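Here are the chains, one letter per residue:
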Amino acid sequence: MLKLDFHPAGRHFLQIPGPSPVPDRILRAMSYPTIDHRGPEFGALGLQVLAGIKKIFKTEQPVVIYPASGTGAWEAALTNTLSAGDHVLMVETGHFATLWKKMAEALGLQPEFLGLPGIEGWRRGVQPEAIEQRLRQDSGHQIKAVCVVHNETSTGVTSDIAAVRRAIDAAGHPALLLVDTISGLASADYRHDEWGVDVTVSGSQKGLMLPPGISFNAVSKKALEASKHSRLPKAFWGWTEIIEMNASGYWPYTPNTNLLYGLSEALDMILGEGLDNVFARHQRLAAACRAAVNAWGLQIQCADPAVYSPVLTGVMTPAGFDADAIRKTIYENFNMSLGTGLGKMKGRMFRIGHLGEANELTLMATLAGCEMGLQQAGVKLAGSGVAAAMQQLMAQQHEQQLRKIA
Ligand SMILES: *Cc1c(COP(=O)(O)O)cnc(C)c1O
């Protein structure tokens, strides 16, 4: 057993934007005994989760499940579709976009990084016009893929993927569209087929409410076709063999059996609540969280209200206040973890996760912890964010009741 030198009472508040809290239902489902991954029960489980996960991605195409973190599924998306030296167009929306670009370089691709100066690009979504313009210049079709992050977890900005698809089509360009929705899936509206995405990358430990350890590639027909000609080396990540064996509910190697029990339970929970209700709940909580930040008089990292993330809110700390010191105070005094500022935002912001298992009262407790911690750190607040968030939540409920009557 991991030995901790203290044991605080009550639950730890894991309010980072992933891993998100794992519901008891899912933990219990994962505690079933591990079974033979070549046996008959396993095939039934495999078929069930492979069918269910398609509903979450909103696709009729194959979804490949890897026993790996999201980073593995990033690599799978690139190695299955591209060849050494290929040009790819990526967009600097934040830290995760930057890491994906570094991976592309490491794999021998030639990424071009579209971005705005300083932290400007870290405060707004992907600019589809910039993508369209760049693709129009590429008359020789050197660019083989456009890679974008749907929900930038480092900043709290959600990009408009349908608009990126329209930009590629408007330029008449054949590049594949690869999208990371590792933190967006099952929290923010996402439509793999309708938006014409070729490969969607996701992971288990964010909106799906599972522990880290499995990740996904949803694959279009065009991407599958590209995989037949792509020459980047792939063995573990190769789609072909996995998709073949998935037809009967099995994998070429040992899959993550207990996490798949958890996935089955998560699918029941999410589809039982209804995807649209899940998305609406995230939007309501995010709006209440922003009401709190505004009432504190602090800046929200996302500078464009049209692309506020429903998954997390980035809070910029005033000059002279180290965001990580505030996070430390909150951790020590209130047993709550908040997300750190990543990359360019190190020390300048903290991130409040409100995804997955989140509800009104978990959000209120989270905001109370933030408000107390900010005050203890000496930050001058303009007003009570907790009070503003409560008002916002009550107004939302009032509105919902009126809608029911009408
Ligand atoms: C969490 C995350 C990743 C990395 O996933 P790992 O599971 O840590 O490998 C990549 N992109 C985004 C947008 C993420 O939120």
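Conventions adopted
Residues numbered from 1 in each chain as written. Predicted model: local features only at pLDDT ≥ 70, side-chain atom pairs only at ≥ 80, totals over all residues. Heavy atoms only, no water. Near = heavy atom within 4 Å. Polar contact = N/O pair within 3.5 Å; in protein donor to acceptor, adjacent residues only side chain to side chain. Areas by Shrake-Rupley, 256 points an atom, 1.4 Å probe, with all protein chains shown as cover. pLDDT = per-residue confidence, 0-100. Helix = DSSP H or I, 4+ residues; strand = E, 2+ residues; numbered from the N terminus. Expected span 1.5 Å × (residues − 1). Buried < 20%, exposed > 50% of the residue type's maximum accessible area, 1.4 Å probe, protein only. Contact = heavy atoms within 4.5 Å. Core = buried A, V, L, I, M, F, W, Y, C linked by side-chain atoms within 4.5 Å. Pairing = 2+ DSSP bridges. Axes fitted to C-alpha atoms, helices over the stretch in contact; angles between N-to-C directions. Phe/Tyr/Trp six-rings, centres within 6.5 Å; stacked < 30°, edge-to-face > 60°.

(A) Representation of the site of the ligand. Contacts to the ligand come from 13 residues, most closely from Ser-69, Thr-71, Thr-153, Asp-180 and Lys-206. Between the ligand and Thr-71, the relevant distance is 2.5 Å, taken from an oxygen atom to a side-chain nitrogen or oxygen of the residue. Gln-205 has a polar side-chain atom sitting 2.8 Å from an oxygen atom of the ligand. Computed on the free molecule, the ligand has an accessible area of 380 Å², of which 88% lies beneath the protein chains in the complex.

(B) Structural view of the confidence of the model for the chain. Residues of the chain with pLDDT of at least 70 account for 98%, and the chain-wide mean is 97. Mean pLDDT values for the elements of the chain range from 95 in helix H13 (residues 385–405) up to 99 in strand S9 (residues 199–203).

(C) Main features of helix H9 (residues 257–273). Between its first and last C-alpha atoms H9 spans 25 Å; for 17 residues at 1.5 Å apiece the expected length is 24 Å, and the two agree. H9 sits mainly inside the fold: 12 of its 17 residues count as buried. Along its buried surface, H9 packs onto helix H1 (24–30), helix H2 (40–57), strand S2 (63–66), strand S10 (215–219) and helix H10 (275–296). The first or second residue beyond H9 is Gly-274, which carries a positive phi of 95°.

(D) Region of interest: the nonpolar core. Among the nonpolar cores identified, the biggest contains 64 residues, and Tyr-66, Trp-100, Leu-208 and Leu-263 are the most heavily contacted of them. The element best represented in this core is H9, accounting for 8 residues. Once residues lying within four places of it in the same chain are set aside, the contact partners of Trp-100 are Trp-74, Leu-78, Met-90, Cys-147, Val-148, Val-149, Leu-178, Val-179, Asp-180 and Val-201. Core analysis: the second largest hydrophobic core is formed by 29 residues, Ala-292, Val-307, Ile-326 and Cys-370 among them.

(E) Main features of the sheet that holds strand S5 (residues 143–149). The sheet built from 7 strands is open, its strands ordered S2-S10-S9-S8-S5-S3-S4 with mixed pairing. This sheet does not close on itself; its edge strands, each paired only once, are S2 and strand S4 (110–114). Going from strand to strand, the sheet's axes swing by 20° on average, the running direction of each strand aside. As judged from the 4 bridges shared by S2 and S10, these two strands associate in the antiparallel manner. If you follow Val-64 over to S10, its bridge partner there is Asn-217.

(F) Looking closely at the environment of Val-315. With respect to the element layout, Val-315 can be found in strand S12 (residues 312–316). On a C-alpha basis, the gap between Val-315 and Gly-46 in space is 41 Å, while along the polypeptide they are 269 residues apart. Each residue touching Val-315, except ones within four places of it in the same chain, is listed here: Val-293, Leu-298, Gln-299, Arg-348, Met-349, Phe-350 and Ile-352.

(G) Focus on the packing of aromatic side chains. The full count for this structure, using the stated rule, is 9 aromatic pairs. Each ring, one from Phe-236 and one from Trp-237, has its centre 4.8 Å from the other, and the planes form 85°; the classification is edge-to-face. Relative to Tyr-253, the ring of Phe-236 lies with its centre 4.7 Å away and its plane at 15°, an arrangement referred to as stacked. Within this pair, whereas Phe-236 is found in the loop between helix H7 (221–229) and helix H8 (239–246), its partner Tyr-253 is found in the loop between H8 and H9, the two being separated by 17 residues in sequence.

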